[in-house]
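# Geometric and topological summary
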Amino acid sequence: MIYDFSNKAVLITGGTSGIGLATAKTLLAGGAKVAIAGSSRAKGQTALAELADWAGSVKFIQGNVAQVSECQSIVKGAAGYLGKIDIVINSAGIYLEKPIDEVTEEEYQLVIDVNLKGTYFIAKYAIPELKKTGNGAIVNVSSDAGINGNLLCTAYCAAKGAVTTFSKALALELAPHQIRVNCVCPGDIDTPMLKTQLAAAADPVKQLWEMAGIYPIGRIGRAAEVAAAICFLASDQASLITGVALPVDGGLTAC
């Protein structure tokens with residue numbers, strides 16, 4: 001389904017690949033003007049080539065959400081290009097799978113900084129722009145790991161669990177300003193992040209088959225399926241929905 005995002009200005013972090021890029025495509029198809037942010041200029045240019053059909057409505061902004069100063073500059077750059085910000089999608093994220101006794105402080109800090117601190121401070125700096133709209137929306141990308149604990153993913157679960165509860169707390173804080181805040185909680189999704197995870201396995205094909213087998217629906221998800229959920233929550237059709245953590249996980253967290 002294509003929602004009407006005409007005259008909507010959207011900032012997407014992690015917008016150069018995976019769920020963020022799929023969301024950009026859906027928003028642009030609905031008439032939005034979009035700023036995609038990411039840390040890699042090369043990935044940004046590749047993403048812009050993939051979004052060439054909407055070349056006049058999308059811009060890449062380079063920035064690392066793990067750095068608070070860069071969160072501020074990303075929002076400033078997006079507002080400058082877009083002229084306003086109606087919607088923020090926090091999709092930037094990294095994954096770490098290790099036993100806790102092997103996780104270094106540096107690894108832990110990076111997972112927290114990208115997944116949680118980036119989400120927090122992009123929202124913080126975007127809120128003054130969103131307050132101007134009288135009808136703003138934030139959608140944060142959490143994870144099934146932000147609902148249930150996942151084996152060997154303590155740092156990732158800590159970060160994503162915090163994103164889930166942060167989203168609910170921020171929804172309460174911003175409701176008087178008519179800014180809705182929700183999050184989606186995807187399971188395993190066919191993205192570059194998953195491909196990197198599988199590449200580390202001894203038998204990637206077997207690992208993927210075993211991974212899909214834990215989902216009641218019998219498969220892992222597609223980025224476009226998560227993008228559809230994000231775009232619904234960001235749309236005016238979800239005008240009464242705030243503070244929701246929506247699983248997009250093929251039934252995984254229903255078990």
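To start, this report covers the structure provided alongside it.

Definitions and cut-offs
- Residues numbered from 1 in each chain as written.
- Predicted model: local features only at pLDDT ≥ 70, side-chain atom pairs only at ≥ 80, totals over all residues.
- Heavy atoms only, no water.
- Buried < 20%, exposed > 50% of the residue type's maximum accessible area, 1.4 Å probe, protein only.
- Helix = DSSP H or I, 4+ residues; strand = E, 2+ residues; numbered from the N terminus.
- Pairing = 2+ DSSP bridges.
- Right-handed = clockwise from strand over helix to strand, strands pointing away.
- Expected span 1.5 Å × (residues − 1).
- Core = buried A, V, L, I, M, F, W, Y, C linked by side-chain atoms within 4.5 Å.
- Contact = heavy atoms within 4.5 Å.
- Salt bridge = Lys/Arg side-chain N within 4 Å of Asp/Glu carboxyl O.
- Lys, Arg positive; Asp, Glu negative; His and termini not counted.
- Axes fitted to C-alpha atoms, helices over the stretch in contact; angles between N-to-C directions.

### A look at the pairing of strand 2 (residues 33-38)
In terms of burial, strand 2 is largely enclosed, as five of its six residues are buried. By the bridge criterion, five bridges tie strand 1 (residues 9-13) to strand 2 in an arrangement that is parallel. Residue pairing for strand 2: Leu11 is matched across the bridge by Ala35. Taken together, strand 1, helix 1 (residues 18-29) and strand 2 form a β-α-β motif whose crossover is right-handed.

### So, helix 8 (residues 223-234)
Across its twelve residues, helix 8 extends 16 Å between first and last C-alpha, which sits within 8% of the 16 Å expected from 1.5 Å per residue. Those residues of helix 8 lying buried are Ala223, Val226, Ala227, Ala229, Ile230, Cys231, Leu233 and Ala234.

### What about unusual backbone geometry?
The phi angle at Asn7 is positive, at roughly 70 degrees, despite the residue not being glycine. Tracing the backbone shows Asn7 in the segment before strand 1. Positive phi, normally seen in glycine, also occurs at Gln178, with a value near 60 degrees. With respect to the secondary-structure elements, Gln178 resides in the loop between helix 5 (154-174) and strand 6 (179-186).

### What to know about the nonpolar core
Burial of nonpolar side chains together is a common tendency in soluble globular proteins. Judged by nonpolar contacts, the single largest core of 33 residues is most densely connected at Val34 and Val184. Of all the secondary-structure elements, those providing two or more residues to this core are strand 1, helix 1, strand 2, strand 3 (58-62), strand 4 (87-90), strand 5 (136-141) and helix 8. When residues in this core are grouped by element, the largest group, eight residues, is from helix 8. In this structure, Val184 is in contact with Val139, Asn140, Val141, Ser142, Ser143, Val226, Ala229, Ile230, Leu233, Leu246 and Val248, ignoring residues within four places of it in sequence.

### So, the pattern of salt bridges
Tallying each qualifying case throughout the model produces nine salt bridges. In this structure, Glu107 and Lys98 form a salt bridge, with 2.6 Å as the shortest nitrogen-oxygen distance. Residue Glu107 is classed as partly exposed on the basis of its relative accessible area, which comes to 24%. When its relative accessible area of 24% is taken as the criterion, Lys98 is described as partly exposed. Among the charged side chains, a salt-bridge network with shared partners connects Arg219, Arg222 and Glu225.

### Some words on the side chain of Lys160
In this fold, Lys160 is placed in helix 5. In this structure Lys160 is buried but unpaired, with Asp144 as the nearest side chain of opposite charge at 9.7 Å. Aside from chain neighbours lying at most four places away, what touches Lys160 is Asn115, Val141, Ser142, Ser143, Ala145 and Gly146.

### Considerations on the sheet that holds strand 4
Spatial ordering of the open sheet is given by 3-2-1-4-5-6-9, a layout of seven strands whose pairing is parallel. Strands at the two margins of the open sheet, each flanked by one partner only, are strand 3 and strand 9 (245-248). In this sheet, neighbouring strand axes are inclined to one another by 20 degrees on average, regardless of whether the strands run parallel or antiparallel. As paired elements, strand 4 and strand 5 share four bridges and run parallel to each other. Residue Ile89 lies in a different strand from strand 5, and its bridge partner there is Val139. Contacts from helix 2 (residues 41-50) reach strand 2 and strand 3 within the one sheet, and its direction differs from that of strand 3 by about 175 degrees. Against the sheet, helix 4 (residues 105-131) contacts strand 1, strand 4, strand 5 and strand 6, and its axis sits at roughly 175 degrees relative to strand 4.

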